[in-house]
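Architecture and fold: a report
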Amino acid sequence: MTAEAAGQYNIHDAKTNLSRIIERVEHGEVIVISRAGTPVAKVIPLRPAARTGRGSLRGELVLREGWDSDDVNESIAADFGLHE
């Protein structure tokens with residue numbers, strides 16, 4: 001069984017064949033990369049973002065009144081240790 005048939009590459013072969021691996025993943029295949037025969041990573045296709053342009057999320061996000069108030073901003077700053 002070849003690495004190509006199995007969808008699995010060792011690290012050295014993955015470095016050598018990165019362009020080929022990316023091409024296969026772009027066509028929907030999942031590739032596993034192994035070190036010393038032990039799988040350590042999986043290369044999977046990314047789904048394109050649903051956003052098609054500026055304003056494409058209009059109507060999808062709901063902002064409550066006061067979402068950007070001083071109280072909310074101070075609370076968030078305190079959560080991150082940035083309390084003034």
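Residues numbered from 1 in each chain as written. Predicted model: local features only at pLDDT ≥ 70, side-chain atom pairs only at ≥ 80, totals over all residues. Heavy atoms only, no water.

**Regarding unusual backbone geometry**
- Unlike most non-glycine residues, A36 shows phi in positive territory, near 50°.
- Positionally, A36 belongs in the loop between β2 (31–35) and β3 (38–43).
- Taking the relative accessible area as the measure of exposure, A36 reaches 79% and is therefore exposed. (Helix = DSSP H or I, 4+ residues; strand = E, 2+ residues; numbered from the N terminus. Buried < 20%, exposed > 50% of the residue type's maximum accessible area, 1.4 Å probe, protein only.)

**Observations concerning the pairing of β2**
- Two elements, strand β1 (residues 8–10) and β2, share three bridges in a ladder whose sense is parallel. Looking at the pairing, N10 lines up with S34 of β2.
- In the sheet, β2 pairs with β3 via five bridges, with the strands oriented antiparallel. Within the sheet, the bridge partner assigned to R35 lies in β3 and is T38. (Pairing = 2+ DSSP bridges.)

**Thoughts on the sheet that holds β2**
- The strand order across the open sheet built from three strands is β1-β2-β3, with neighbouring strands paired in mixed fashion. The sheet is open, and its two borders are formed by β1 and β3, each paired with just one other strand. Strand-to-strand twist of the sheet, defined as the mean angle between neighbouring strand axes without regard to direction, takes the value 30°. (Axes fitted to C-alpha atoms, helices over the stretch in contact; angles between N-to-C directions.)

**A short note on the nonpolar core**
- The biggest cluster of nonpolar side chains holds six residues, and these are Y9, A14, I21, V25, I31 and I33.
- Those elements giving two or more residues to this core turn out to be α3 (18–26) and β2. (Core = buried A, V, L, I, M, F, W, Y, C linked by side-chain atoms within 4.5 Å.)

**Topic: the pattern of salt bridges**
- Inspection of every chain in the model, using the stated rule, returns one salt bridge.
- A salt bridge links E29 to R24, with the shortest nitrogen-to-oxygen separation between them at 2.2 Å.
- Taking relative accessible area as the criterion, E29 reaches 29% and is therefore assigned partly exposed.
- A residue is classified by how much of its surface remains accessible, and R24, at 11% relative accessible area, is buried. (Salt bridge = Lys/Arg side-chain N within 4 Å of Asp/Glu carboxyl O.)

**A word on the pairing of β3**
- Across the six residues that make up β3, only a small minority, zero, are buried.
- In textbook terms, the turn of a hairpin is the stretch between consecutive antiparallel strands, and for β2 and β3 this stretch comprises two residues, one of which, A36, has a positive phi near 50°.

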